[in-house]
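# Chain and residue survey
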Amino acid sequence: MSHKVTELGYYIGDIWSTVINAIIISVIYIDYQLHTPMYLFLCNLALVDICYTTTTVPNLLYMLLSGDITVSFIECFTQMYFYFLSGSSEINVIFIMAYDRYVAICDPLRFHTVLNRKHCVVFASGTWISGCLNSFVITIPASHLSFCHSRTLNQFFCDAKALINISCGGSEDFSIVIYTAVMVYGTFPVMFCLASYIKIIRVILQTKSKDGRKKAFSTCSSHLTVVIMFYMTNLSVYLVPPSDYSSVLEPVFSVLYSIVTPTINPLIYSLQNKDMKSALLRLLAVETKS
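Every value quoted in this text rests on a predicted model; they were computed, and no experiment measured them. (Residues numbered from 1 in each chain as written. Predicted model: local features only at pLDDT ≥ 70, side-chain atom pairs only at ≥ 80, totals over all residues. Heavy atoms only, no water.)

Turning our eyes to something else, we now look at the overall build of the protein chain. A count of helical and extended segments in the protein chain gives 10 helices and 0 strands. Order of helices (α) and strands (β) in the protein chain, N terminus to C terminus: α-α-α-α-α-α-α-α-α-α. Relative to its full complement of 290 residues, the protein chain shows a buried share of 44%. In the protein chain, the proportion of contacts linking residues at least 24 apart, taken out of those at least 6 apart, comes to 78%. Only carbon and sulfur atoms are counted for the fraction: they give 68% of the accessible area of the protein chain, which is about 15700 Å². (Helix = DSSP H or I, 4+ residues; strand = E, 2+ residues; numbered from the N terminus. Buried < 20%, exposed > 50% of the residue type's maximum accessible area, 1.4 Å probe, protein only. Contact = heavy atoms within 4.5 Å. Areas by Shrake-Rupley, 256 points an atom, 1.4 Å probe, with all protein chains shown as cover.)

Fine structural detail should not be taken from predicted coordinates in areas where pLDDT scores are low. Looking at the protein chain as a whole, its pLDDT mean stands at 76, while 76% of the residues score no less than 70. Below a pLDDT of 50 lies the segment residues 1-7, which in the model reaches 4 contacts outside its immediate sequence neighbourhood of four places, other chains included. (pLDDT = per-residue confidence, 0-100.)

Following the criterion strictly, the structure yields 5 aromatic pairs and no others. When the centroid spacing of 5.6 Å and the interplanar angle of 85 degrees are considered together, the rings of Tyr83 and Phe84 count as edge-to-face. Summarising the burial analysis for this pair, Tyr83 and Phe84 share the class buried. Look at Tyr99 and Phe192: their rings are 6.5 Å apart centre to centre, the planes differ by 40 degrees, and that puts the pair in the tilted class. Taken as a pair, Tyr99 in helix α3 (residues 73-106) and Phe192 in helix α7 (residues 171-205) lie far apart in primary sequence, 93 residues in all. (Phe/Tyr/Trp six-rings, centres within 6.5 Å; stacked < 30°, edge-to-face > 60°.)

The next subject is the packing of α3 against helix α5 (residues 117-142). Packed helices, taken two at a time, are described by their axes: the angle between them and the distance between them. As a packed pair, α3 and α5 sit with axes 7 Å apart at the nearest point and diverge in direction by 145 degrees. Where α3 crosses over α5, the handedness of that crossing is right-handed. Residue composition of the contact of α3 with α5, grouped by class: 14 nonpolar, 10 polar and no charged. (Axes fitted to C-alpha atoms, helices over the stretch in contact; angles between N-to-C directions. Left-handed = near helix turned anticlockwise from the far one by under 90°. Nonpolar A, V, L, I, M, F, W, Y, C, P; charged D, E, K, R; others polar.)

Our next topic: a nonpolar patch on the surface. On the surface, Ile15, Val19, Ile23 and Leu280 cluster together to form a nonpolar patch covering roughly 280 Å² of accessible area. Per element, the largest residue contribution to the nonpolar patch is 3 residues, and it comes from helix α1 (residues 2-30). Mapping Ile15 onto the fold places it in helix α1. (Patch = residues over 30% accessible without salt bridge, like charges linked within 9 Å, V, L, I, M, F, W, Y side chains within 5 Å. Salt bridge = Lys/Arg side-chain N within 4 Å of Asp/Glu carboxyl O.)

An ideal rise of 1.5 Å per residue puts 38 Å on 26 residues; α5 measures up with 38 Å between its terminal C-alpha atoms. Looking only at α5, the buried set comprises Cys120, Ala124, Thr127, Gly131, Asn134, Ser135, Ile138, Thr139 and Ala142. For α5, the N-terminal capping position is held by Asn116, with its side-chain oxygen 3.2 Å away from the main-chain nitrogen of Lys118. (Expected span 1.5 Å × (residues − 1). Polar contact = N/O pair within 3.5 Å; in protein donor to acceptor, adjacent residues only side chain to side chain.)

On to the nonpolar core, then. Ile28, Leu42, Ile94, Phe174, Tyr231 and Met276 are the most contacted members of the largest nonpolar core, which totals 60 residues. Among the elements that take part in this core, α3 stands out by supplying 13 residues, more than any other. (Core = buried A, V, L, I, M, F, W, Y, C linked by side-chain atoms within 4.5 Å.)

What follows covers a positive patch on the surface. Together, Lys210, Lys214, Lys274 and Lys277 line one region of the surface with positive charge. Among the elements of the structure, α8 (210-239) and α10 (274-289) are those that each provide at least two residues to the positive patch. Inspection of the secondary structure puts Lys210 in helix α8. (Lys, Arg positive; Asp, Glu negative; His and termini not counted. Charge placed at Lys NZ, Arg CZ, Asp CG, Glu CD.)

Below, the discussion takes up the packing of helix α2 (residues 37-66) against α3. Interaxial distance between α2 and α3 falls to 9 Å at its minimum, and their mutual angle equals 160 degrees. Compared by their axis directions, α2 and α3 come out roughly antiparallel. Two packed elements cross with a definite hand, and for α2 against α3 that hand is left-handed. Among the residues forming the contact of α2 with α3, the class breakdown is 14 nonpolar, 8 polar and 4 charged. (Parallel < 35°, antiparallel > 145°, perpendicular 65-115°, else oblique.)

The next thing to look at is the environment of Val27. Mapped onto the elements, Val27 comes out in helix α1. Separated by 16 residues in the primary sequence, Val27 and Cys43 place their C-alpha atoms 9.4 Å from one another. Discounting residues that sit within four places of it in the chain, Val27 has contacts with Leu34, Met276, Ala279, Leu280 and Leu283.

What follows is about the pattern of salt bridges. Taken as a whole, this structure holds 2 salt bridges when the rule is applied. Of the charged contacts, one joins Asp107 and Arg110 as a salt bridge, the two residues approaching to 3.0 Å between their closest N and O atoms.

Position of Ser135 relative to the elements: it lies in helix α5. When neighbours within four sequence positions are excluded, Ser135 is seen to be in contact with Met80, Tyr81, Phe82, Phe84 and Leu85.

With that settled, consider the environment of Ser135. On the accessibility criterion, Ser135 (0% relative accessible area) is buried. Sequence separation of Ser135 and Tyr81 is 54 residues, and the distance between their C-alpha atoms is 5.5 Å.

Take a look at the structure:
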């Protein structure tokens, strides 16, 4: 019974995330009023979240339904590649969205110069190219690990740290690669996001207009919530030292940032964003008339 409930939960979560993120992408694409830097990056975030869930959940559902929990060498590292591609790209998108809010609120006069169409395309393209390169750098060394004692992962997908835990050769060099990637794609972006929002909050609090403060807070609250959720769960897996509870905590945190967070992200942006809700209502009104 518990397995059936788990299967149903993953299935509903995957469908919800995919459908809602697809709706967000469609609405942003169709509604010309949403063709702004913030919504371009939000569109990329929705696409990343679709990749996130489709990389892990379908295979997990297959294992739960069939009882076949084995995975081939090629399947494992293919999944790892696209998983880290999604993770790296999401970090890049969140980083750029923080920069977008920083420029919009702290330096509004230069916003259309700094984040013009050309720069936005470069940022969006760089997000995916950088994610591909980072994933490649992680996956290739991982494929050269030796597994002589155990080939059973204490994880629901092919995660780098889970592979390190069962490897018996090459794990030291691979650990350096992983923690370097965590520093570059984790710690530095977190510090930048924190510094940006400290400055943003200061500027907002200095705003004399009550409506201006409310509007500024509303545009930043959704992104700040996503930043906190993503980084807290993601860094918890890779930066928390090994302990007696690691075998339980690591899978739990992995579920949070690879399934729960991408599922909640569209809910946060769609419900807290007035422009998104207005655009969706306009789209529904047009469809109803036609």
